[in-house]
Amino acid sequence: MTAHVFSLVFIAFLVLSTLLQLWLKTRHLRHVLAHRAAVPADFASQIELDAHQKAADYTAAKMRFARISIVWEALLLAAFTLGGGIGWLDATARELAGTGIWAGLALIAGLTLVNGVLSLPFSLYATFVLEARFGFNKVTPAVFVTDMVKSTLLGAALGLPLIALILWLMEASGSLWWLYAWAVWVAFGLAVMAIYPTFIAPLFNKFTPLADATLKQRIDALLNKCGFASNGVFVMDGSKRSSHGNAYFTGFGKTKRIVFFDTLVERLTPLEVEAVLAHELGHYKRKHIIKRMATMYGLGLLTMALLGYIKDTSWFYAGLGVAVPSTAAALILFFLALPVFTFPFGWIASRGSRKHEYEADEYAAEVSDGSALVSGLVKLYRDNAATLTPDPLHSLFYDSHPPAALRIAALRGQGRG
Ligand SMILES: [Zn+2]
């Protein structure tokens, strides 16, 4: 492989990935607007025309915004790589911090900062214009700024030592450095998962033990029935940022917590909340969490092995606009360029995820109440203005959850809905 050929391959994949994404967003936009006039028959009794049309308009607005973001990100990536942006930042970092790990850290921190500034207008628009127009945004400018400061500090506190360690391994631990770096990454990920519920999440939200006694009783009964031990059931002030509702699990082992968004507990009946929780339990009971982690760490190992090979080539650096190879440049170029090559295969991962959602629904219908899950889901679709009529191809690539109509048909088909 020569640098020139690699540049051409990269450009081809960048153009292909960008066009594919734009085409999918456009298909979705057209499909949703084409079905805007009437609520799909399956939902006609539970969802008003108003809510359906709001969901269509919300989806359309998000797709138009996504198309602009996609083009902007592709241009940025081209400027950072082929345009010589990273080569320039790397040279500047070496002038300021000499060689070695400090220069590498300076490059990565500098790039993160530049990227953060360049994407700021997009997150401002998404939060204060797009979400606000549809009545979802609850973020005040003060919350926005404190969130940004907190996540930057947290990212620096956790990320910089990790990157320093990986850069050091890349330089000092011989030809198997990528294996050690992978092990460090796995250990780091597990440690963050373990401290997330008790140390990280509370930096951003308030968690209060579930107070509603009837609901608590119902949930304890379900946990008992499923043989599931958790370290408490909490309600999170999700309404501080958004009126979207949700439920999730966090942590693992002994730190495992069940978390409901306050908005969810307010809008769903106790039986519906129980059914939504049963779905989440289904992900554990059907071993989805373990499978997901094993897949992620397995793919991570392949990725690191590939980086181990690429780091010692010269075509990779020169092909992506960096004249003088460096350890940090290898790391950055690799992880910036990788998604361009993997996007066309993203549908494989989404398909696996949707299969798990069907299985978790099936579990919920077994241990709880399938029809309550259906009515709870319909409320969530309605209140989150999630479209009921997605474009099938867009859904194939992007959706971690099956389209509403298919999901609900599957639940009803089990005879319990
Ligand atoms: Zn799920």
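Rules used throughout
- Residues numbered from 1 in each chain as written.
- Predicted model: local features only at pLDDT ≥ 70, side-chain atom pairs only at ≥ 80, totals over all residues.
- Heavy atoms only, no water.
- Donors = N, O, S within 2.8 Å, 3.2 Å for Na, K, Ca; no water.
- Helix = DSSP H or I, 4+ residues; strand = E, 2+ residues; numbered from the N terminus.
- Expected span 1.5 Å × (residues − 1).
- Buried < 20%, exposed > 50% of the residue type's maximum accessible area, 1.4 Å probe, protein only.
- Arc of directions from axis to C-beta.
- Polar contact = N/O pair within 3.5 Å; in protein donor to acceptor, adjacent residues only side chain to side chain.
- Phe/Tyr/Trp six-rings, centres within 6.5 Å; stacked < 30°, edge-to-face > 60°.

- Looking at an unreviewed UniProt entry, one finds the protein chain named Peptidase M48 and attributed to Chitinimonas prasina.

1. Remarks on the coordination of the zinc ion
Reasoning step 1: Distances from the zinc ion to its protein donors, His-279 (NE2), His-283 (NE2) and Glu-357 (OE), fall within 2.0 to 2.1 Å.
Reasoning step 2: Each donor residue of the zinc ion belongs to the same chain, and together they define the spacing H-x3-H-x73-E. In this pair, His-283 is assigned in helix α9 (residues 270-285) and Glu-357 in helix α13 (residues 346-367), connecting sequence segments 74 residues apart.

2. Topic: helix α7 (residues 213-226)
Reasoning step 1: In a regular helix each residue adds 1.5 Å, so 14 residues correspond to 20 Å; α7 covers 20 Å between its end C-alpha atoms and thus fits that length.
Reasoning step 2: Taken together, the buried positions of α7 are Leu-215, Ile-219, Leu-222, Leu-223 and Cys-226. All buried residues of α7 lie within an arc of 100° about the axis, which places them on one face of the element. Residues Ala-213, Thr-214, Gln-217, Asn-224 and Lys-225 are exposed on α7 and point more than 90 degrees away from its buried face.
Reasoning step 3: With a side-chain oxygen positioned 3.1 Å from the backbone nitrogen of Thr-214, the residue opening α7 is Asp-212.
Reasoning step 4: After α7 finishes, the residue Gly-227 shows a positive phi value of roughly 60°.

3. Let's talk about the packing of aromatic side chains
Working definition: an aromatic ring pair is given by the centre-to-centre distance plus the angle between the planes.
Reasoning step 1: Tallied over the entire structure, the rule returns 18 aromatic pairs.
Reasoning step 2: Measuring from ring centre to ring centre gives 4.8 Å for Phe-13 and Phe-341, while their planes differ by 45°; the resulting arrangement is tilted. Here the residue Phe-13 occupies a position in helix α1 (residues 3-34), and Phe-341 occupies one in helix α12 (residues 327-342), the gap between them amounting to 328 residues.
Reasoning step 3: When the ring of Phe-343 is compared with that of Tyr-398, the centres are 5.9 Å apart and the planes differ by 50°; the resulting orientation is tilted. With Phe-343 in the loop between α12 and α13 and Tyr-398 in helix α15 (residues 392-398), this residue pair connects regions lying 55 residues apart in the sequence.
Reasoning step 4: We classify Tyr-398 as partly exposed; its relative accessible area is 27%.

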